[in-house]
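Now for the letters of each chain:
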Amino acid sequence: MNTEKFEIVAKTFQGLEDVLAEEIRQLGGENVETGRRMVSFQGDKTLLYKANLACRTALRILKPIYKFEAANPDEVYEKMKAFPWETLLSPETTFSIDSVTYSDSFKHSKFVTYRAKDAIADYFMEKNGKRPSVRLNGAEVVLNLHIAQMSCTLSLDSSGESLHKRGYRVGQTEAPINEVLAAGMILKTGWHGEKDLIDPMCGSGTILIEAALIATNTYPGIFRKSFAFERWKDFDEELFETLYNDDSHEREFTHRIYGSDISPRAIDIATQNIKSAGVSKYIDLKIMPFQRYESAPSPEGILITNPPYGERLTSSDLLGLYESIGNRLKHVFKGYEAWIISYHKECFDRIGLKPSARIELMNGALECEFRKYEIFDGRYKEFKGEGHNLDKRYDAPHRRASHSPAPYNRRKSYEGHRDERPRRDERPRGEERPWREEKPWRGKRSERPASRPSTPFKGKSFERRDRFNPEGEKPHRLHGDEAFRKFVTFKQPSIKPNDETTKPHQEETDKKD
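As the structure is a computational prediction, the values presented were derived from the model and not from experiment. (Residues numbered from 1 in each chain as written. Predicted model: local features only at pLDDT ≥ 70, side-chain atom pairs only at ≥ 80, totals over all residues. Heavy atoms only, no water.)

*Asks:* Teacher, can you tell me more about the overall build of the protein chain here?
*Replies:* The helix and strand inventory of the protein chain stands at 13 helices and 15 strands. Restricting to contacts in the protein chain with at least 6 residues of sequence separation, those with at least 24 account for 77%. A total accessible area of about 26600 Å² is found for the protein chain, and carbon and sulfur atoms account for 48% of it. (Helix = DSSP H or I, 4+ residues; strand = E, 2+ residues; numbered from the N terminus. Contact = heavy atoms within 4.5 Å. Areas by Shrake-Rupley, 256 points an atom, 1.4 Å probe, with all protein chains shown as cover.)

*Asks:* How should I be thinking about unusual backbone geometry in this particular structure?
*Replies:* Outside of glycine, negative phi angles account for most residues, and trans bonds account for most peptide bonds. Look at N31: it is not a glycine, yet its phi comes out positive at around 50°. In this model, N217 sits at a positive phi of 55°, which is unusual for a non-glycine residue. One can find N217 in the loop between α6 (206-215) and α7 (237-245). Given a relative accessible area of 4%, N217 falls into the buried group. (Buried < 20%, exposed > 50% of the residue type's maximum accessible area, 1.4 Å probe, protein only.)

*Asks:* Explanation requested: the packing of aromatic side chains in the structure shown.
*Replies:* Aromatic ring pairs are defined here through the distance separating the ring centres and the angle between the ring planes. Counted according to the given criterion, the structure contains 21 aromatic pairs. With a centroid separation of 5.8 Å and 80° between ring planes, the pair formed by F290 and Y293 is classed as edge-to-face. We note that F290, like Y293, is buried. Among the aromatic residues, those joined into a ring-pair cluster are Y49, F227, F229, F235, F240 and Y244. Just above the ring of F348 sits the side chain of R371; from NZ or CZ to the centre is 4.1 Å. (Phe/Tyr/Trp six-rings, centres within 6.5 Å; stacked < 30°, edge-to-face > 60°. Lys NZ or Arg CZ within 6 Å of the ring centre and 35° of its normal.)

*Asks:* Help me understand the pattern of salt bridges in this model?
*Replies:* A side chain of one charge can pair with a side chain of the opposite charge when the charged atoms of the two come close. Within the structure shown, the criterion is met by 21 salt bridges. Connected through shared salt-bridge partners, D74, R115, K117 and D118 make up one network. (Salt bridge = Lys/Arg side-chain N within 4 Å of Asp/Glu carboxyl O.)

*Asks:* Got a minute to help me understand the nonpolar core in this structure?
*Replies:* For soluble globular proteins, nonpolar side chains are generally found buried alongside one another. Counting residues in each nonpolar core, the largest one holds 122 residues, and the members touching the most others are M80 and W85. The biggest single contributor to this core is α6, with eight residues. Not counting the four nearest positions on each side in its chain, W85 is found in contact with M80, I120, Y123, F124, L143 and L154. (Core = buried A, V, L, I, M, F, W, Y, C linked by side-chain atoms within 4.5 Å.)

Limitation: the analysis is restricted to geometry and does not speak to function.
In structure tokens:
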């Protein structure tokens, strides 16, 4: 077995770097360092494979192979052409390349990609008279070129498709949360299955499924159809099969996970996804709007939810929804920790509770906040006297190591002895996986809806001061001719001067003259 160690880079969302770094440390990564949306570390081939299988908050696992300096795309071409490409490719190999640039000298990442592709093609044409083909999807070798100012790093992408595409999703609602973000949110709370969890606005069930995988310590990568490293020249199939079929890390989950949603369609989709992931026995679902909750499903637990922001998924009364969230938290979920992610400050304000933690997270292109609310019974003085505190300056909750021993006994998450679990290469496509009795073989992911509903909020977070100036004076309003001149414009008629329809108008003008 090759135990040579090399540099590895794991990409993630902004705000999840610390969680990913802890995951990698627990897997055995060395010299772990966090950066912007990435974590670098040292490891061998075993760790590279295992990181793809086990990391819940990684989007891609990269293996840097070539570093150089370049001031413009032409220099990138020359440096890329100087690399010994026959060590990775052949004229019969297919490849793809993706470029990411953070530099004043490189304005267009696609042009950099074209120049890098040309360098590889010209390298082989000059040597063999034949070049490898570019394939956007399913290429045998996937390359990643990262440019920060003049520093360029060429890496092999060991993941292929983004790791958020777990493989268990067979349907989705209009605005599903990203699987990596959902797992990161759960890990940020410090929850690993020690108590019940509820998502009262579960949508397609992503938070519920990721919670079940965390609680049972099931690797999220086991649902994937393939990884890019399986097509590398040095792929160790026996090593990967051993890692893939090892379930010694899985554990028993003795609590419950509850989900609900106002939409029957969302619950139907969540049911399918939960069944596809093989975690139905841990999750209870029901159709119910959050406003209808009269009692919590258990005396204590944790609530994690992703309510509508008004961007892609709308509500007829968005601010009223957040007001009702606060009302239900105060009157129904006493003794719970509640974690809510949202985008608009005014929505948070309507909850009417003081957060004990605020964590900045990126949900796609939206700069969101993930806020913690401790719901206690009685007065705040009594709550504080018991040693608790609500402090807005608290930036991150205490987290237990993601793979540390759980406060419950371990057991297998499938029926029967682990030796009955079939080898990955022995499973025919389309056959059900016997140790996850409900999981059909990797169902086809449904297509996204062609259209999106209109949204009430289009821009940044709005605040009341945008509508009223600080002095409390009413803004100046335009009336009459002043408003007419400012806001009304006229378009010229879109007709040709020699058109027959212009003649009567011209004659009338001549008569007036």
